[in-house]
Amino acid sequence: MRVLILGGTSEASALASALAERSIPALFSYAGRVTTPKPQPLPTRVGGFGGVAGLATFLADNRITHLVDATHPFAERMSHHAVSAAQRRGVRCLALTRPPWAPMAGDRWQSVAGVEAAVEALSGPPQRVLLAIGRQHLAAFAAQPQHHYLLRLVDRPEAPPPLPRHSVTLDRGPFTLDGDLTLLREHGVERLVCKNAGGAGAVAKLAAARRLGLPVVMIERPAPPPRREAHSIEEVLAWLGHEPAPDADLGV
Ligand code: 3Y8
Ligand code: NAP
């Protein structure tokens, strides 16, 4: 057995630790989106594979028997490529993912279908808006230049984003309620824009928004390809034929 984990999420990190603790032969993969990705307890490769064909070749060359797609729910292309490459090579494939967040009492969510719809939702008078969607889609918000944007990024952007009024806060999650309450209060944030990532790593901003009564533009996730899914480390270990140790704390 040799496992390839497509990473970049808290769940991927938890799975990497679980496999390393059991000495299950595995590799970890990052796209190379940030300068210093979190170290993993597994041999790690960084960078794209070169499309479906490149991933299929990688699977064959590295004698991968099981592919776990533990990428983020918005890593749409990678998830489609994983299913296609695994089918092409006859490699077993499983997605480790987390359910989307659902609104709770007190939430003021406006659900939108994608980044363009989120931009459209910001029509109106100037506000102070937290854009907690990373770096890859910032330029789209230039269509609503009237707002002051607070950008939360992992790395400082090489060039300033095309937003006339903005400030940057550098931070990588997982985030905390106290930290996000402080951030929203100190910057006088009036509205949030975020992706429905699910999981625990980025949920703090939603609890903070609820506490402060702030509206949230929630970008709903794209539909994943037809695939087998797991929502816990235990399910992945069972799929691999390795039952979890009885005393293991495998919460993610
Ligand atoms: C490179 C690898 C771990 C994994 C930690 C999770 C939690 C913290 C919350 C906010 C939202 C955002 C962003 C976010 C979170 C976790 C998880 C998660 C959101 C790292 C990481 C990589 C990336 C890539 C990066 C994207 C960006 C998205 C920032 C590591 C830290 C906004 C997604 O500068 C860039 O180009 C950044 C790109 C893709 C989305 C975007 O479009 O910009 N993640 N994030 C991975 C690779 O190279 O393969 O260093 O850990 C991982 C994590 N980011 O083990 O603790 O599980 O989701 N990541 C979103 O949810 O909207 C921040 O600010 O509130
Ligand atoms: P994406 O748009 O779905 O993928 C674009 C291309 O990036 C893929 O076709 C592949 O290149 C490469 N790639 C993506 N993930 C990879 C991985 N784990 N290992 C090797 N190559 C990878 O992906 P994305 O949304 O940019 O996400 C990139 C990374 O950031 C992933 O690890 C993801 O889990 C993490 N992340 C993303 C988000 C988000 O909001 N999108 C949030 C948190 C973490 P080739 O075609 O060349 O193979």
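Since the structure is predicted, the reported quantities are computational estimates derived from the model, not experimental observations. (Residues numbered from 1 in each chain as written. Chains lettered and ligands numbered in written order. Predicted model: local features only at pLDDT ≥ 70, side-chain atom pairs only at ≥ 80, totals over all residues. Heavy atoms only, no water.)

1. Topic: the sheet that holds strand β1 (residues 3-6)
What holds strands together in a sheet is hydrogen bonding between their backbones, with the strands either parallel or antiparallel.
Then comes step 1: Pairing is parallel in the open sheet, where 6 strands are placed in the order β3-β2-β1-β4-β5-β12. Since the sheet does not close on itself, it has two edges, and those belong to β3 (44-46) and β12 (229-230), each with one partner.
Then comes step 2: Summarising the sheet, β1 and strand β4 (residues 66-69) pair through 4 bridges and their orientation is parallel. Within the sheet, the bridge partner assigned to I5 lies in β4 and is V68.
Then comes step 3: Contacts between helix α3 (residues 76-89) and the sheet are confined to β1, β4 and β5 (92-96), with β4 contributing the most and set at about 165° to the helix.
Then comes step 4: With respect to the sheet, helix α7 (residues 233-240) is in contact with β1, β4, β5 and β12, its orientation differing from that of β5 by roughly 170°. (Pairing = 2+ DSSP bridges. Helix = DSSP H or I, 4+ residues; strand = E, 2+ residues; numbered from the N terminus. Contact = heavy atoms within 4.5 Å. Axes fitted to C-alpha atoms, helices over the stretch in contact; angles between N-to-C directions.)

2. Brief notes about the layout of surface pockets
Then comes step 1: As a volume, the second largest pocket reaches approximately 150 Å³.
Then comes step 2: The wall of the second largest pocket is formed by 18 residues, among which P73, S79, T97, P224 and R227 lie closest to the centre.
Then comes step 3: Contributing elements (two or more residues each) for the lining of the second largest pocket: α3 and β5. (1 Å grid on protein atoms, 1.4 Å probe; cavity = no way out; pocket = protein on both sides within 12 Å on 5 of 7 lines; lining within 4 Å. Points joined across faces, edges and corners; volume = space filled by probe spheres on them.)

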